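# Chains, contacts and geometry: an overview
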Amino acid sequence: MKSLPLVIATLSLAASIGGCRSTDAVTETPMETTHRMRTGGSIDGRPVNLFTLRNANGMEVEVMDHGATVTRVIVPDRDGNPVDVVLGFDTAEEYPEKSQYFGCTVGRVGNRIAGGRFELDGKAYALAANNGPNHLHGGEVGFDKRRWDADPIMTAKGPGVRFTLTSADGEEGYPGRVEAETIYVLTDRNELEVEMSATTDAPTPVNIVHHTYWNLGGHDSGTILDEVLRIRADRYTPVDGTFIPTGDLAPVAGTAVDFRTAKRIGRDIDAYPGDQAEGGEDPGGYDHNFCLDGEAGTMREVVRLSDPRTGIVMTITTDQPGIQFYTGNFLNGMTGKGGAVYEKFGGLCLETQAYPDSINHAGEPGWPDVVLRPGDTYRHRMVHRFGID
Ligand code: GLA
């Protein structure tokens, strides 16, 4: 049993060479030098598989088939010391127990749908209300809680893993059978590329989102409040008390969500103190969707994040119209990797996406179309590039 995972990895590589749907040519580089695979514990009595990607510059990315999840990203700091910059857990079992979507692929629709209700082609749909009155991150058992099939791949840019998942017609109340794919690739340019795509056999909303919690000071370094962030966005989507967009695409100018010029995250965060009075569930902090500058469908650099402690910088380039900037407001002191304690503001998410609740703003000027139809392919790319300030 012990040697089984490596056998699977080798076979999967052969299969991916034959039928690879990746955008890049597959090279002949032997997998053993760049992939390390080990069992990562088990969930529901089934072993979980982990894959490690390495590049020539000391970067390492570990991904897991449960939730198509990123569990570890090692980046050298300004002195060349390895730093793990993502929050996570030591065992696979802890992900379903304690995780607040750590590192996973969220779907079929990331973020919220008001009241869990929408209409599509004249038909009304009702989804689980799993977040107060609203539907969040695909429902009770979204893509993050599913086991994905995994194929190690070797692309012209570097090693990767291709995860695939079938979401049945009617799953979590959504119409249509969806075939989803997430590909992670680590390049020698110190990039972690995430490519998400999907097809369907009936019209359905799709907004697949990558949900890593970053802390460029190290996952165990405390809060992200001293990190410096720039977001290229003139507008954002203000929300009501349950985090549902009001429908406005409001200017960031003159508000605490103005990140057009790089600023320390902690500087204006108190502008969002939250509301926990009378059962209110907003813990405060940033949890906002930005309407990214430039044209959706076109790759453009939209985010730059840097950490003064390690000197590590991360930029994000994407083809998406929006990004959720979330400062880990609901982190509750859970114990993570190596005994690290993740308190509020202990990590941040930068989730490229279509705007939250877009399905209920269909056709409104400025709002993205999130309906995927048979014959079309949903595509979402994000490239995280690491460097030193
Ligand atoms: C997203 C949401 C947050 C929260 C987290 C998960 O980022 O915007 O409100 O639900 O996911 O805890």
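Note: the structure precedes this text.
A few points on the structure. Numbering of residues starts from 1 in every chain and runs along the sequence as written. pLDDT decides what is reported in this predicted model: residues at 70 or higher carry local features, side-chain atom pairs at 80 or more are listed and counted, and totals for whole chains, interfaces and linings draw on all residues regardless. Only hydrogens and water are set aside when side-chain values are computed; all heavy atoms of the structure are taken into account.

Moving on to the side chain of T352. The way it works is that DSSP assigns letters per residue, a run of H or I at least four long becomes a helix, a run of E at least two long becomes a strand, and they are numbered from the N terminus. Here T352 shows up in strand β27 (residues 349-353). Buried residues are those whose accessible area, probed at 1.4 Å on protein chains only, stays under 20% of the maximum for their type, while exposed residues exceed 50% and partly exposed ones sit between those limits. For T352, a relative accessible area of 0% translates into the label buried. N or O atoms within 3.5 Å of each other form a polar contact, as long as, within protein, one can give a hydrogen and the other can take it, and as long as residues adjacent in sequence are counted only when both atoms are side-chain atoms. In this structure the side chain of T352 is engaged in a polar contact, spanning 2.7 Å, whose partner is the side chain of H380. Contacts are assigned to residue pairs that have any heavy atoms within 4.5 Å of one another. Non-local contacts of T352, meaning those with residues more than four positions away in its chain, are made with I208, V209, I316, T318, Q320, G322, I323, H380 and M382.

Before going further, it helps to examine the site of the ligand. Residues in contact with the ligand amount to 13 residues; listed here are only the nearest, R112, H137, H211, D287 and E351. One of the side-chain nitrogen or oxygen atoms of D287 is found 2.4 Å away from an oxygen atom of the ligand. What sets the accessible areas is the Shrake-Rupley method with a 1.4 Å probe; for residues, cover comes only from the shown protein chains. For the ligand, whose free accessible area comes to 310 Å², the fraction covered by protein is 96%. Side-chain classes follow a simple rule in which Ala, Val, Leu, Ile, Met, Phe, Trp, Tyr, Cys and Pro form the nonpolar group, Asp, Glu, Lys and Arg form the charged group, and the remainder, Gly included, forms the polar group. Residues that form the shell around the ligand fall into these classes: five nonpolar, five polar and three charged. Here a residue counts as near a molecule or strand whenever at least one of its heavy atoms sits within 4 Å of it.

A pair of aromatic rings is counted whenever rings of Phe, Tyr or Trp (Trp by its six-membered ring) have centres within 6.5 Å, and the orientation is called stacked for planes under 30 degrees apart, edge-to-face for over 60 and tilted otherwise. Applying the stated criterion to the full structure yields 19 aromatic pairs. Ring geometry for F259 versus F290: centroids 6.3 Å apart, planes at 70°, classification edge-to-face. Taken together, the residues F259 in the loop between β19 (250-251) and β20 (263-264) and F290 in strand β21 (residues 287-292) connect sequence positions 31 residues apart. The exposure classification of F259 matches that of F290, with both residues buried.

Pairing in this open sheet of five strands is antiparallel, and the strands run β19-β18-β21-β24-β27 from one edge to the other. At either margin of the open sheet sits one strand with a lone partner, and together these are β19 and β27. DSSP-based pairing: two strands are paired if at least 2 bridges between them are found. Sheet topology note: the β21/strand β24 (residues 322-326) ladder contains five bridges and is antiparallel. Counted as the bridge partner of F290 is I323 from β24.

A few words now on unusual backbone geometry. Across the junction of G107 and R108, the peptide omega takes the value 5°, indicating a cis bond. Along the polypeptide, R108 turns up in the loop between β6 (105-106) and β7 (112-113). Phi at N111 is positive, roughly 65°, even though this residue is not glycine. Of note, the phi angle at N190 is positive, near 60°, even though the residue is not glycine. Assessed through its relative accessible area of 18%, N190 is described here as buried.

Our focus in this paragraph is the environment of N57. Inspection of the secondary structure puts N57 in the loop between β2 (46-54) and β3 (60-64). Judged by relative accessible area, which is 36%, N57 ranks as partly exposed. Taking the C-alpha atoms as reference, N57 lies 8.5 Å from R189; in sequence the two are 132 residues apart. If we ignore the near neighbours within four places in the chain, the residues touching N57 are P76, D188 and N190.

Function cannot be inferred from these measures alone, as they are strictly geometric.
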